[in-house]
Amino acid sequence: MKAQRAVWGDTLTELARTDDRIVVVDGDLATSTMAVTFAEAHPDRFVQAGIAEQNMVGIAFGMSTLGYRPWLSSFGVFLTNRALDQVRMLVSQTKAPVRLAAAYTGLLNGASGKTHQDIEDLSVMRALPNMTVLAPADETEAAAMIRWAADHDGPVYLRLARDAVADVFDGSYAFRIGAPVLLRDGYDHGEGNERDAGTGPDVTVVSTGVQTSRTVEAITAVEAEGHRVRHVHVPTIKPLDDDALWALLDGAAQVVTVEEHNVVGGLGDVVAAVLAGHASGARLHKVGLVDSWAESGSNDFLLDKYGLSVERVADRIRAVLGERVAA
């Protein structure tokens with residue numbers, strides 16, 4: 001397993017060997033974001049802007065007008081909050097091909113606490129017109145997204161986690177922009193891998209980002225108890241193929257969304273809009289931070305307290321299954 005920030009540094013360094021347009025503008029965090037890997041390999045295309053995130057965006061925008069494809073390197077919270085005006089005016093409104101490599105997103109920033117925990121970034125970025133918003137599940141998907149973004153002619157926000165997580169995908173995975181990914185269909189399969197139409201999913205779970213890795217483990221535990229769970233991963237928060245997602249949600253009575261993010265404006269609201277747009281009668285349960293700030297603490301403590309650990313997600317799915325049985 002490799003941390004997504006390390007994947008970003010390695011993949012971008014590799015791509016830059018054959019693409020002279022790639023440059024990195026860093027905000028004095030290169031050793032944390034792993035932009036240092038790029039800086040050591042391509043020092044002539046690395047700009048150290050210092051602790052000046054708003055200026056970083058201006059530098060990157062200017063370079064984009066000269067034919068470069070700049071990547072911004074900083075903690076997510078600084079790009080989505082401190083530099084938001086510049087991202088909005090210079091990047092989003094002009095459709096500039098600037099990529100925001102947002103490291104240390106979500107809860108798990110060690111002892112940094114609520115000032116550095118970016119748990120509202122998806123809601124902020126998806127509200128900006130022209131902005132593509134990506135949240136990879138693991139190192140394989142992160143590398144695929146970076147390669148896609150390198151050639152995309154427009155703004156991209158890439159959500160990167162600090163720490164490595166268990167793999168979700170293998171080398172056969174092919175990222176497709178906007179497409180949800182079915183990880184489990186929730187049906188019993190007979191001999192020859194035939195699907196028994198009479199044994200469909202009891203509940204549908206939708207997750208995004210590295211929370212998908214933990215959700216896979218939670219669903220494995222729940223299925224071992226005899227339940228059938230459909231699991232959908234949403235790597236592209238925006239633009240999303242709503243019809244493709246609906247095809248995976250259609251017929252579900254209970255839908256659970258899981259995200260390492262505020263439940264306001266994130267994946268849960270994305271799924272809610274799709275369900276409402278098709279007049280679905282499904283009941284939606286959002287798992288995430290319930291409109292609250294987090295705090296300092298260990299990864300395990302924070303995940304457990306805010307309902308995002310493997311055990312707590314499994315418990316929430318069990319509770320929804322209990323409601324379904326009672327109904």
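Keep in mind the model is a prediction, meaning the values are calculated, not measured. (Residues numbered from 1 in each chain as written. Predicted model: local features only at pLDDT ≥ 70, side-chain atom pairs only at ≥ 80, totals over all residues. Heavy atoms only, no water.)

## Considering the sheet that holds strand S7 (residues 181–184)
On the basis of which strands lie adjacent, the open sheet formed by five strands has the order S7-S9-S8-S11-S12 and mixed pairing. Strands with a single pairing partner mark the edges of an open sheet, and in this sheet they are S7 and strand S12 (283–289). Across the sheet, the axes of successive neighbouring strands diverge by a mean angle of 25°, strand direction being ignored. Pairing of strand S8 (residues 203–207) with strand S11 (residues 254–262), which is carried by four bridges, proceeds in the parallel orientation. Considered in S11, the bridge of Ser207 is made with Val258. (Pairing = 2+ DSSP bridges. Helix = DSSP H or I, 4+ residues; strand = E, 2+ residues; numbered from the N terminus. Axes fitted to C-alpha atoms, helices over the stretch in contact; angles between N-to-C directions.)

## Regarding the pattern of salt bridges
This model, assessed by the stated rule, comprises 17 salt bridges. A salt bridge links Arg147 to Glu14, with the shortest nitrogen-to-oxygen separation between them at 3.0 Å. Placement of Arg147 in helix H8 (residues 139–151) and of Glu14 in helix H1 (residues 4–16) is noted, with a sequence separation of 133 residues between them. We classify Glu14 as partly exposed; its relative accessible area is 38%. The salt bridge partner of Glu223 is Arg184, with a shortest N-O separation of 2.9 Å. On the criterion of sequence distance, the pair formed by Glu223 in helix H9 (residues 211–223) and Arg184 in strand S7 is long-range, its members being 39 residues apart. Each of Glu225, Asp304, Arg312, Asp315 and Arg318 takes part in salt bridges that share partners, so that together they form one network. (Salt bridge = Lys/Arg side-chain N within 4 Å of Asp/Glu carboxyl O. Buried < 20%, exposed > 50% of the residue type's maximum accessible area, 1.4 Å probe, protein only.)

## Things to note about the pairing of strand S6 (residues 156–159)
Here S6 shows two buried faces, one formed by Val156 and Leu158 and the other by Tyr157 and Arg159. In this structure, strand S4 (residues 99–103) lies alongside S6, joined through four bridges in parallel fashion. Bridging from a neighbouring strand, Arg99 pairs with Val156 of S6. For strand S5 (residues 132–134) and S6, the ladder comprises three bridges, and the chain directions are parallel. If you follow Val133 over to S6, its bridge partner there is Tyr157. After leaving S5, the chain enters H8 and then returns to the sheet as S6, a path that is right-handed. (Right-handed = clockwise from strand over helix to strand, strands pointing away.)

These results come straight from atomic positions and should not be treated as a statement about function.
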